[in-house]
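# Survey of secondary and tertiary structure
Single-letter residue listing:
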Amino acid sequence: MSNVIQALKVDSTVRKSLIEKVTLFKGKKILVLGDVGVDEYIMGAVKRISPEAPVPVLEVENEDKRLGLAANVAQNVVSMGGEVKLVSVIGSDSGAEILQQLLKNSGVSFEYLVQDSKRPTTRKTRVMTGQHHLVRVDHEIRKSLSSQSEALLLSVVEKNISDVDVVVLEDYAKGILSQSLIEKVVILAQKHKKFLMVDPHQTKFAEFYKGVDLIKPNYNEALALTQIHEDHIEDFSERVLHVGRALQKMTGAKQVVLTQGKEGMTIFSQNNVTQVPTFAKKVFDVTGAGDTVIAALALGIASGVDLAEACMIANFAAGVVVAKVGCVPCEIKELVNSINTLGN
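All values reported here derive from a predicted model rather than from experimental measurement.

Another point: the side chain of Arg-126. On the secondary structure map, Arg-126 appears in strand S7 (residues 123-129). Looking at Arg-126, its side chain comes within polar contact range of the side chain of Asp-39, at 3.3 Å. Not counting residues within four places of it along the chain, the set of residues in contact with Arg-126 comprises Asp-39, Glu-40, Tyr-41, Ile-42, His-133, Val-135 and Arg-136.

Let us now look at the packing of aromatic side chains. Under the counting rule described, the total for this entry stands at two aromatic pairs. Ring geometry for Phe-205 versus Phe-208: centroids 5.8 Å apart, planes at 85°, classification edge-to-face. For Phe-208, a relative accessible area of 8% gives the class buried. On the numbers, 5.2 Å between centres and 75° between planes, the contact of Phe-208 with Tyr-209 is edge-to-face. Residue class for Tyr-209 comes out buried when judged on its relative accessible area of 0%. Within the aromatic cluster, the residues linked to one another by ring pairs are Phe-205, Phe-208 and Tyr-209.

For the rest of this paragraph, the subject is the sheet that holds strand S3 (residues 36-49). Taken in spatial order, the four strands of this open sheet run S4-S3-S7-S8, and their pairing is mixed. With one partner strand each, in any of the chains shown, strand S4 (56-69) and strand S8 (132-139) form the two edges of the open sheet. Direction aside, neighbouring strands of the sheet carry axes that sit 20° apart on average. Alignment of S7 against S8, held across seven bridges, turns out to be antiparallel. For Arg-123, the partnering residue across the bridge sits in S8 and is His-139. Docked against the sheet, helix H3 (residues 94-105) engages S3, S4 and S7, running at close to 105° with respect to S3.

In this section: the nonpolar core. One finds Ile-30, Leu-86, Leu-99, Met-197, Leu-297 and Leu-335 to be the most contacted residues of the largest nonpolar core, which totals 63 residues. Per-element accounting of this core gives the leading share, twelve residues, to helix H9 (residues 307-321). Not counting residues up to four positions away in its chain, the partners in contact with Leu-99 are Val-36, Gly-37, Val-38, Leu-67, Ala-71, Ile-90, Leu-113 and Thr-121.

It is worth spelling out the pairing of strand S9 (residues 166-170) at this point. A regular strand places its side chains so that they alternate between the two faces of the sheet. Extensive coverage of S9 is indicated by the burial of five of its five residues. Here S9 shows two buried faces, one formed by Val-166, Val-168 and Glu-170 and the other by Val-167 and Leu-169. Taken together, the five bridges between strand S2 (residues 29-34) and S9 define a ladder with parallel strand orientation. Pairing of Leu-33 across the sheet is with Leu-169, part of S9. Sheet analysis places S9 next to strand S10 (residues 195-199), joined by five bridges and oriented parallel. Bridging across to S10, Val-166 finds its partner in Phe-195. Regarding the hand of the β-α-β motif, the stretch spanning S9, helix H5 (residues 179-191) and S10 is right-handed.

Our next topic: the packing of helix H2 (residues 70-79) against helix H8 (residues 289-302). For the pair H2 and H8, the least separation of the axes is 8 Å and the interaxial angle reads 50°. On the basis of the axis angle, H2 is oblique to H8. The handedness of the crossing between H2 and H8 comes out as right-handed. Contacts between H2 and H8 involve Asn-72, Val-73, Asn-76 and Val-77 from the former and Asp-291, Thr-292, Ile-294, Ala-295 and Leu-299 from the latter. Here the residues of the contact of H2 with H8 sort into five nonpolar, three polar and one charged.

Rules and cut-offs
Residues numbered from 1 in each chain as written. Predicted model: local features only at pLDDT ≥ 70, side-chain atom pairs only at ≥ 80, totals over all residues. Heavy atoms only, no water. Helix = DSSP H or I, 4+ residues; strand = E, 2+ residues; numbered from the N terminus. Polar contact = N/O pair within 3.5 Å; in protein donor to acceptor, adjacent residues only side chain to side chain. Contact = heavy atoms within 4.5 Å. Phe/Tyr/Trp six-rings, centres within 6.5 Å; stacked < 30°, edge-to-face > 60°. Buried < 20%, exposed > 50% of the residue type's maximum accessible area, 1.4 Å probe, protein only. Pairing = 2+ DSSP bridges. Axes fitted to C-alpha atoms, helices over the stretch in contact; angles between N-to-C directions. Core = buried A, V, L, I, M, F, W, Y, C linked by side-chain atoms within 4.5 Å. Right-handed = clockwise from strand over helix to strand, strands pointing away. Parallel < 35°, antiparallel > 145°, perpendicular 65-115°, else oblique. Left-handed = near helix turned anticlockwise from the far one by under 90°. Nonpolar A, V, L, I, M, F, W, Y, C, P; charged D, E, K, R; others polar.

In structure tokens form, the structure reads like this:
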């Protein structure tokens, strides 16, 4: 097994080819299964301390609500030209109403969402002044689904998996994805010959995702999933190789895409290892960038694009969203412009 990492270079010919590949995204169907939520922002100015308690008083100037978690993956699939079936569990509450309206505004159907009145819809409210967070208020339950809700969720996947090109598991550890559910989805994906990819959560162990075709963690998540300590790696210069191959072996995944922020991505595909550069010029907020990356990867794979090219497209898409604040979709025109200009 080679320790040589092939570094990809992006010239004008490659950029032209990538833009042509992006046009193939149109109409590709992706099923996204995972935790969904709403990101709320309450912004304003602090000019005084409350007379009731020693806390700042925020004079509200603006409020914003955005799709978060797997819902952000779904809106990115749509914004980049694909079609999406978003499968998840929501509550019977005001958070669910907000989420459904935001999905409607983004062109994402909410007909595949299962309602569970015993669980609140995940909602994270950030109270801010400028770039300073005063407090965050979370409405959520992170325990596993009831057996009834999980059965309903699986039935939705079973009814719709034959109609999609790629299945994405988006794990934010809010309780939607149990190991038994993943095992059943793996069987369904294999039965219907659908490519199955996962964006994992670092609180799980690598074998939790056994049977997926592709896993996309960042480097720190990969360390946690494999329970490898950097201090135990003899040659520190080969730490990415060591961790990526361990993850490949433990999950049985044919491909591992290891994201590393400004260092780009490393692709492990069978015995080959490839390094993809990053293309971001300005980084204001990395929130949701991973969602954009896996949405672009899913569309690339669904379109028959080579994984290395799909990763380059995904990095260009990430370069668009990190220049903005919060979870936002990458629009197809922005992606094409990014491919033409970023990194030049």
